[in-house]
Amino acid sequence: LFCCVAFQLQGMQSEADVLSKLSLWREASRIVNEEGVRAFWKGNMVTVAHRLPYSVLNFYAYEKYNKFFYSNPILQSYLGNASSSSFVHFVSGGLAGITAASATYPLDLVRTRLAAQGVGTGGRARVYNT
């Protein structure tokens, strides 16, 4: 998976060329040689900073959507007095995921950009402008 992601981010080689040279160790040694060992953790702090608010929002939104659906009189008449409905949990989970992903997408974009930055000419970091 790591090799495939690294190759996708490069975008410099044809698909056939990438598949013929697919090697985890070769790609890992290329990264160490070109960018150093610290390159393996590029974007890690942003990933941690992304996952925390994502998880908080996901759990919070799930509980709020659950309460909304269970307190909705129209939905209650349809569901009856069931204390647990798979449909409500499914919809609440989906909406919570959409809410959390939408709210934290900018952090995910920053993480991806940081991870995708490589070393350009002259040993300077390649920077992707938006």
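Residues numbered from 1 in each chain as written. Predicted model: local features only at pLDDT ≥ 70, side-chain atom pairs only at ≥ 80, totals over all residues. Heavy atoms only, no water.

## Concerning the packing of aromatic side chains
As a reminder, the rule being used: Any pair of Phe, Tyr and Trp rings, taking the six-membered ring for Trp, is counted once the centres come within 6.5 Å. Such a pair is stacked with planes under 30 degrees apart, edge-to-face with planes over 60 apart, and tilted for the rest.
Counted according to the given criterion, the structure contains two aromatic pairs. Considering the side-chain rings of Phe 40 and Trp 41, the 6.3 Å spacing of their centres and the 85° angle between planes classify their relative orientation as edge-to-face.

## Some remarks on the nonpolar core
Stated precisely, the cut-off is as follows: Side-chain atoms within 4.5 Å link the members of a nonpolar core, which is a set of buried Ala, Val, Leu, Ile, Met, Phe, Trp, Tyr and Cys residues. Each residue's exposure class comes from its accessible area (1.4 Å probe, protein chains only) as a fraction of the maximum for that residue type: buried when under 20%, exposed when over 50%, partly exposed otherwise. The helix count covers DSSP runs of H or I at least four residues long, the strand count covers runs of E at least two residues long, and both are numbered beginning at the N terminus.
Counting five residues, the largest nonpolar core is built from Phe 69, Tyr 70, Leu 75, Leu 79 and Val 88. Of all the secondary structure elements, the ones that give two or more residues to this core are α4 (44-71) and α5 (73-79).

## Topic: the pattern of salt bridges
Two side chains of opposite charge can pair, provided their charged atoms sit close to one another. Rules: A pairing counts as a salt bridge when a side-chain nitrogen of Lys or Arg comes within 4 Å of a carboxyl oxygen of Asp or Glu.
Under the criterion given, the structure shown has two salt bridges. Across the pair Glu 27 and Arg 30 runs a salt bridge whose closest N-O atoms are separated by 2.5 Å. In this pair, Glu 27 and Arg 30 are both assigned in helix α3 (residues 24-35), three residues apart and thus about one turn of the helix distant. Here Glu 34 makes a salt bridge to Arg 30, at a shortest N to O gap of 2.6 Å. Placement of both Glu 34 and Arg 30 in helix α3 is noted, with a separation of four residues, approximately one turn of the helix. Taking the relative accessible area as the measure of exposure, Glu 34 reaches 42% and is therefore partly exposed. Since its relative accessible area comes to 22%, Arg 30 is described here as partly exposed. Taken together, the shared-partner salt bridges in this structure form one network comprising Glu 27, Arg 30 and Glu 34.

## Details of α4
The line we're drawing: Helix span, as expected, comes to 1.5 Å for every residue beyond the first.
Here α4 contains 28 residues, and its C-alpha end-to-end distance of 40 Å stays within 8% of the 40 Å for a straight helix at 1.5 Å per residue. Among the residues of α4, those classed as buried are Val 46, His 50, Tyr 54, Ala 61, Asn 66, Phe 69 and Tyr 70.

## Topic: α3
Our working definition: Directions are taken from the helix axis to each C-beta atom, and the arc is the one they span.
For α3, with 12 residues, the first-to-last C-alpha span of 16 Å sits near the 16 Å given by 1.5 Å per residue. Every buried residue belonging to α3 is among Glu 27, Ala 28 and Ile 31, and all of these are buried. Projection of α3 onto a plane perpendicular to its axis shows the buried side chains occupying an angular sector of 100°, all on one side. Across from the buried face of α3, at angles greater than 90 degrees, the exposed residues are Trp 25 and Asn 33. Downstream of α3 by a residue or two, Gly 36 has a phi angle that is positive, lying close to 90°.

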